[in-house]
Amino acid sequence: MSRIGDNIDYVESRIDEACKRSGRDRKDVTLICVSKTKPVPDLREALEHGHNIFGENKVQEIRDKVEALGTEGIHWHMIGHLQANKVKYIAGVVDLIHSVDNDKLAEEIEKQAAKRDIIIDVLCEVNMAGEESKFGLKPGETLEFVKRISALKHLKIRGLMTIAPYTEDPESNRVYFKGLRELKDEINAAGIEGVNMDILSMGMTGDYEVAVEEGANLVRVGTGIFGERNYAVKTE
Ligand SMILES: *Cc1c(COP(=O)(O)O)cnc(C)c1O
């Protein structure tokens, strides 16, 4: 029996239930297994269980894991803070960058995508709760940011992402998930040329069910699948 496989099944079943409760189409919600800090054999276990979408938050770790597992039949998502000078290492490798929150980064993504003649899909990260410790745009500056970067032709803004506060009570994050959905609708309604966002990336181990109820399309679950992370242990 595979522990990781069982965990994936469990999380998928909770997503099913949350979709039913909220009248959502199950096909509109995708689970991203957040494999950061976890060793390659753990990812293999998920792959053998038929799950091939991974979220990572460090450029070097993505490179190492891609070297071990490849990109054929695997979808890599960059979910962590990204420095502009590292975009070149993941351009054309990851399916989606979830963490665009400043002009310099957006312009570098444009540059690296243009160089490769590709379009890179991105989400804008929004700090809904205004936590000092977190990256992301303020909700109130997001529309203007999207307007500015919408001019970049090799970058496609697919939607918004948020990391809600750590909490024991997932209900307390509902307001942020609802807020992100409303922000998406508001930006879509602004009719910015080339912008029609269809993705909300929200919800983690502690609160993904509430996020699904509020409209999440991508949920990012790490601990609930791979177990607690130990940052002191090297993954390679
Ligand atoms: C680590 C991380 C996750 C997963 O967190 P868990 O609580 O372990 O599910 C999700 N999103 C981002 C951006 C992360 O960095």
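Figured I'd write up the structure that's included with this text.

Here is what the cut-offs are and how they apply
- Residues numbered from 1 in each chain as written.
- Predicted model: local features only at pLDDT ≥ 70, side-chain atom pairs only at ≥ 80, totals over all residues.
- Heavy atoms only, no water.
- Near = heavy atom within 4 Å.
- Polar contact = N/O pair within 3.5 Å; in protein donor to acceptor, adjacent residues only side chain to side chain.
- Areas by Shrake-Rupley, 256 points an atom, 1.4 Å probe, with all protein chains shown as cover.
- Buried < 20%, exposed > 50% of the residue type's maximum accessible area, 1.4 Å probe, protein only.
- Helix = DSSP H or I, 4+ residues; strand = E, 2+ residues; numbered from the N terminus.
- Arc of directions from axis to C-beta.
- Contact = heavy atoms within 4.5 Å.
- Phe/Tyr/Trp six-rings, centres within 6.5 Å; stacked < 30°, edge-to-face > 60°.
- Salt bridge = Lys/Arg side-chain N within 4 Å of Asp/Glu carboxyl O.

1. What about the site of the ligand?
Around the ligand, the surrounding shell consists of Val 34, Lys 36, Ile 79, Met 161, Ile 163, Met 204, Thr 205, Arg 220, Val 221, Gly 222, Thr 223 and Arg 229. Residue Lys 36 places a side-chain N or O atom 2.6 Å away from an oxygen atom belonging to the ligand. Between Thr 223 and the ligand, the recorded distance is 2.5 Å, taken from a side-chain N or O atom to an oxygen atom. Relative to its unbound accessible area of 390 Å², the ligand is 90% covered by the protein chains.

2. What about helix α2 (residues 40-48)?
The set of residues buried in α2 consists of Val 40, Asp 42, Leu 43 and Ala 46. An end-on view of α2 places all buried positions within 160 degrees of arc, on one side of the element. In this structure, α2 carries Pro 41 and Glu 48 as exposed residues pointing more than 90 degrees from its buried face. In this fold, the buried residues of α2 make contact with α1 (3-22), β2 (53-56), α3 (59-69), β3 (75-78) and α9 (223-226). The positive-phi residue at the C-terminal boundary of α2 is Gly 50, with phi of around 95 degrees.

3. What to know about the packing of aromatic side chains
Taken as a whole and judged by the stated rule, the model has 1 aromatic pair. Taken together, a centroid distance of 5.6 Å and an interplanar angle of 35 degrees make the contact between Phe 54 and Trp 76 tilted. Of this pair, Phe 54 sits in strand β2 while Trp 76 sits in strand β3, and the two are 22 residues apart along the sequence.

4. As for the environment of Gly 179
Inspection of the secondary structure assignment puts Gly 179 in helix α7 (residues 174-189). With 51 residues separating them along the chain, Gly 179 and Met 128 place their C-alpha atoms 7.4 Å apart.

5. A short note on the pattern of salt bridges
Applying the stated criterion across every chain yields a total of 20 salt bridges. With its nearest N and O atoms 2.6 Å apart, the salt bridge here joins Asp 16 to Arg 26. Placement of the pair is Asp 16 in helix α1 and Arg 26 in the loop between α1 and β1 (30-34), with a sequence separation of 10 residues. Judged by relative accessible area, Asp 16 falls into the partly exposed class, the value being 30%.

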